[in-house]
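Per-entry structural report
Next come the chains, spelled out residue by residue.
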Amino acid sequence: MIHEELDRLERLAYQVSKKIQHLEEEKSLLEERLSKAESKLKEKDDALDHFKNQIKISKIVNNIPVENMESAELRERINNYIKEIDKVITYLSE
C-alpha cells in the first residue's frame, strides 16, 4: 500500500516536472514572439515618424512664397534632397 502510494506520487512528480518544462518552453517562445512584435512596432513607429516629417517638410515647401517658376524648381530640389536623405537613412538603418 505504501509502495503503491509512493509509485503514484513519483508518477505525479514526473508529470508535474514535464508540465513545468513544457510551460517554460512555451514561455520562452512567447517571450521571443513578444520581442519580435515590439521590434516590429518600433520600426513601424519610426517609419510613421519619418513620414510625418516628410509631410511637414512638404507643407513647408508648398507654403514658401516665391514666383511660380522658382517655386516649382525649389519644390523639386527639396523633394530630391528628401529622397536622397531617405536613401541615406535606409542605408544606415540596414
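Bear in mind the structure is a predicted one, so any value in this text is a computation, not a measurement.

Okay, the overall build of the protein next. Helix and strand content of the protein: two helices and zero strands. Counting all 94 residues of the protein, 6% fall into the buried class.

As a working rule, side chains carrying opposite charge can pair if their charged atoms are close by. A full pass over the atoms with the stated rule returns five salt bridges. Among the ionic pairs, Arg8 bridges to Glu5, the shortest N-O distance being 2.8 Å. With a gap of three residues between them, Arg8 and Glu5 both fall in helix 1 (residues 2-62), about one helical turn apart. One salt bridge connects Lys87 with Glu84, and the closest N-O pair in it is separated by 3.7 Å. Taken as a pair, Lys87 and Glu84 lie in helix 2 (residues 68-93) at a separation of three residues, close to a single helical turn. Residue class for Glu84 comes out partly exposed when judged on its relative accessible area of 45%.

Turning next to the layout of surface pockets. Reported here for the largest pocket is a volume of approximately 250 Å³. If you go around the largest pocket, the residues you meet are Glu43, Asp46, Ala47, His50, Asp86, Ile89, Thr90 and Ser93. Elements that contribute at least two residues to the lining of the largest pocket include exactly helix 1 and helix 2. For the lining of the largest pocket, a count of residues per class yields two nonpolar, three polar and three charged.

On the surface, a cluster of nonpolar side chains totalling about 310 Å² of accessible area is made up of Tyr81, Ile85 and Ile89. On the secondary structure map, Ile89 appears in helix 2. Relative accessible area serves as the criterion here: at 42%, Ile89 is assigned to the partly exposed category.

The subject of this paragraph is the side chain of Asp86. Examined against the element boundaries, Asp86 turns out to sit in helix 2. Although Asp86 is buried, it forms no salt bridge, and the closest oppositely charged side chain is Lys83 at an N-O distance of 8.7 Å. When neighbours within four sequence positions are excluded, Asp86 is seen to be in contact with His50 and Gln54.

The rules we used
Residues numbered from 1 in each chain as written. Predicted model: local features only at pLDDT ≥ 70, side-chain atom pairs only at ≥ 80, totals over all residues. Heavy atoms only, no water. Helix = DSSP H or I, 4+ residues; strand = E, 2+ residues; numbered from the N terminus. Buried < 20%, exposed > 50% of the residue type's maximum accessible area, 1.4 Å probe, protein only. Salt bridge = Lys/Arg side-chain N within 4 Å of Asp/Glu carboxyl O. 1 Å grid on protein atoms, 1.4 Å probe; cavity = no way out; pocket = protein on both sides within 12 Å on 5 of 7 lines; lining within 4 Å. Points joined across faces, edges and corners; volume = space filled by probe spheres on them. Nonpolar A, V, L, I, M, F, W, Y, C, P; charged D, E, K, R; others polar. Patch = residues over 30% accessible without salt bridge, like charges linked within 9 Å, V, L, I, M, F, W, Y side chains within 5 Å. Areas by Shrake-Rupley, 256 points an atom, 1.4 Å probe, with all protein chains shown as cover. Lys, Arg positive; Asp, Glu negative; His and termini not counted. Contact = heavy atoms within 4.5 Å.

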